[in-house]
Structure formats: structure tokens, C-alpha cells
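# Residue-level structure breakdown
Chain by chain, the residues:
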Amino acid sequence: MHPSPVRSRRVTTVFVLNGPNLNLLGGREPEVYGTATLADVEELCRQTAGELGLTVDFRQSNREGELVDWLQEAGAAVAAGTSIGAVLNPGAYSHTSIALPDAIEGARLPVVEVHISNVHRREPFRHHSYVSAVAAGVVVGFGVVGYQLAIRGLHQLHQPDGG
Ligand code: CA2
């Protein structure tokens, strides 16, 4: 049975949103974050999304308010039927921000939270994320491959039989 023509035509995008300092990936702290740059991560995301018939809207910001704006935009795209949701690495805002989970809930945005490092093996202040409570799923500690796992997970959750 073919998917409905409307669905396959309209739902095409996965947002991949990155928070503060992720523009520095591939430079310092390779023992924690690996050697891939953010441009490499974008390419990995495009590969995986392409295999699933999706396009990627890939962004990074060091500003909390800009991330809030993007989460609202992504929620509107999901409501319009043009996106399946967002993969979000909130960076250090995971541990501090109430505005990000408020935006995710307010926009009814399906989010898979990603952390490159295993935050639970690190300093105690990284063990709690305000975003996790409103995320559909969380991927932690798999390096940049976690972004690909998150896209696959979000895609699976979007299927009619869920996941
Ligand atoms: O493990 C992750 O993906 C994090 O979200 C990365 C954040 C950190 O604050 C979170 O606790 C866990 C840091 C973003 C990257 O920061 C860099 C700093 C220097 C060099 C490279 C990256």
C-alpha cells in the first residue's frame, strides 16, 4: 500500500537545532566531543534524512531567544504538516533554561533531545536537563552519531503506528 499522496508530498522537513558553543565542535575538547565539526554533523544529518525521504533545516545559535523563536517556527511547521519535528541539542541551556521547554510545550513540537557526550558521566550540573521532561525521546553519549539516531527515532514516532 502506498502512503497517502498528501502525506508524502507535505511532510518533508526535520529541523536540527543546536545551542550555544556547538559551533566550536571539532576544535577544542576532542576527548569529550570528538573531532567532527558542526558542518560534518550537518552532512551526517542530511545523509540520514535523505534515506528517510526528509530534508533537513539545520541551525545553530548561541542565543536562547533565537532558539525559542526557532522552536515556535518548527511547531508551526508541524501544525501545517510540513515537518515531523525537531532534533535539539540545547547545549548548556539544557541545564538552565525554562524558556526552551516552555516553547516546546507551547508549540506542541515533537522533539528528540541529543547530547553528544554522556552528560550523566560528567559534572553533576550536567545531569539534569529541563528539556528532557518535554522531549519525546533523549539520545545521550553516542557522539555525533546520536543526531542520526535521533532523526531515525523522530521519524519512527511520526509513523502512523508510532513507536
Ligand atoms: O554533550 C553535548 O552535546 C552537550 O549538549 C554539549 C554542550 C554542554 O554544555 C552540554 O552539557 C552537553 C557544550 C557544547 C559544545 O561546547 C564545546 C566547547 C568547546 C569545544 C567544543 C565544544
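Located above this text is the structure these notes cover.
Keep in mind that this is a model prediction, so the values were computed, not measured.

### Brief notes about the overall build of the protein chain
- From N to C terminus, the protein chain includes six helices and five strands.
- Element order for the protein chain, N to C, with α for helix and β for strand: α-β-α-α-β-α-β-α-β-β-α.
- Relative to the compact-globule value of 15 Å for 163 residues, the protein chain shows a C-alpha radius of gyration of 15 Å, a close match.
- With respect to the three principal axes, the spread of C-alpha positions in the protein chain is 50 × 30 × 25 Å.

### Comments concerning the packing of helix α3 (residues 38-51) against helix α6 (residues 145-158)
- α6 packs onto α3 with a crossing angle of 30° between their chain directions and a minimal axis gap of 9 Å. Our classification of the angle between α3 and α6 gives roughly parallel. Every pair of crossing elements has a handedness; the one defined by α3 and α6 is right-handed. Across from V41, L44, C45, T48 and A49 in α3, the residues of α6 making contact are Y147, Q148, I151 and R152.
- A breakdown of the residues in the contact of α3 with α6 according to their chemical character gives six nonpolar, two polar and one charged.

### Topic: the pairing of strand β4 (residues 111-115)
- When you tally the buried positions in β4, you get five out of five residues, the bulk of the element.
- Across the two faces of β4 the burial is the same, with V111, E113 and H115 and V112 and V114 all buried.
- Following the chain from strand β3 (residues 83-89) across helix α5 (residues 99-106) to the adjacent parallel β4, one finds a crossover that is right-handed.
- Taken together, the four bridges between β4 and strand β5 (residues 137-140) define a ladder with parallel strand orientation. In the sheet register, E113 faces β5, and the bridge partner there is V138.

### Digging into the sheet that holds strand β1 (residues 13-18)
- One open sheet holds the five strands; their spatial order is β2-β1-β3-β4-β5, and the pairing between them is parallel. Each edge of the sheet is formed by a strand with only one pairing partner; in this case those strands are β2 (55-60) and β5. On average, adjacent strands in this sheet sit at an angle of 20° to one another, irrespective of strand direction.
- With three bridges joining them, β3 and β4 adopt parallel strand pairing. Bridge pairing in β4 links L88 to E113.
- This element, helix α4 (residues 64-79), spans β1, β2 and β3 of the sheet and lies at about 155° to β3.

### So, the site of the ligand
- The immediate surroundings of the ligand are formed by 17 residues, with N21, A92, H115, I116 and S117 found nearest.
- Split into classes, the residues belonging to the shell around the ligand amount to seven nonpolar, seven polar and three charged.

### Quick word on α3
- Spanning 14 residues, α3 covers 20 Å between terminal C-alpha atoms, matching the ideal 20 Å at 1.5 Å per step.
- Taken as a whole, α3 has its buried residues at V41, C45, T48 and A49. Buried residues along α3 cover an arc of 100° about the axis, so they all sit on one side. Those residues of α3 that are exposed and angled more than 90 degrees off the buried face are A39, Q47, G50 and E51.
- Immediately beyond the C-terminal end of α3, within one or two residues, lies G53, with a positive phi of roughly 80°.

Parameters at a glance
Residues numbered from 1 in each chain as written. Predicted model: local features only at pLDDT ≥ 70, side-chain atom pairs only at ≥ 80, totals over all residues. Helix = DSSP H or I, 4+ residues; strand = E, 2+ residues; numbered from the N terminus. Rg over C-alpha atoms; globule rule 2.2 N^0.38 Å. Axes fitted to C-alpha atoms, helices over the stretch in contact; angles between N-to-C directions. Parallel < 35°, antiparallel > 145°, perpendicular 65-115°, else oblique. Left-handed = near helix turned anticlockwise from the far one by under 90°. Contact = placed C-beta atoms within 7 Å. Nonpolar A, V, L, I, M, F, W, Y, C, P; charged D, E, K, R; others polar. Buried ≥ 20, exposed ≤ 12 C-beta atoms within 10 Å, placed from the backbone. Right-handed = clockwise from strand over helix to strand, strands pointing away. Pairing = 2+ DSSP bridges. Near = placed C-beta within 6 Å. Expected span 1.5 Å × (residues − 1). Arc of directions from axis to C-beta.

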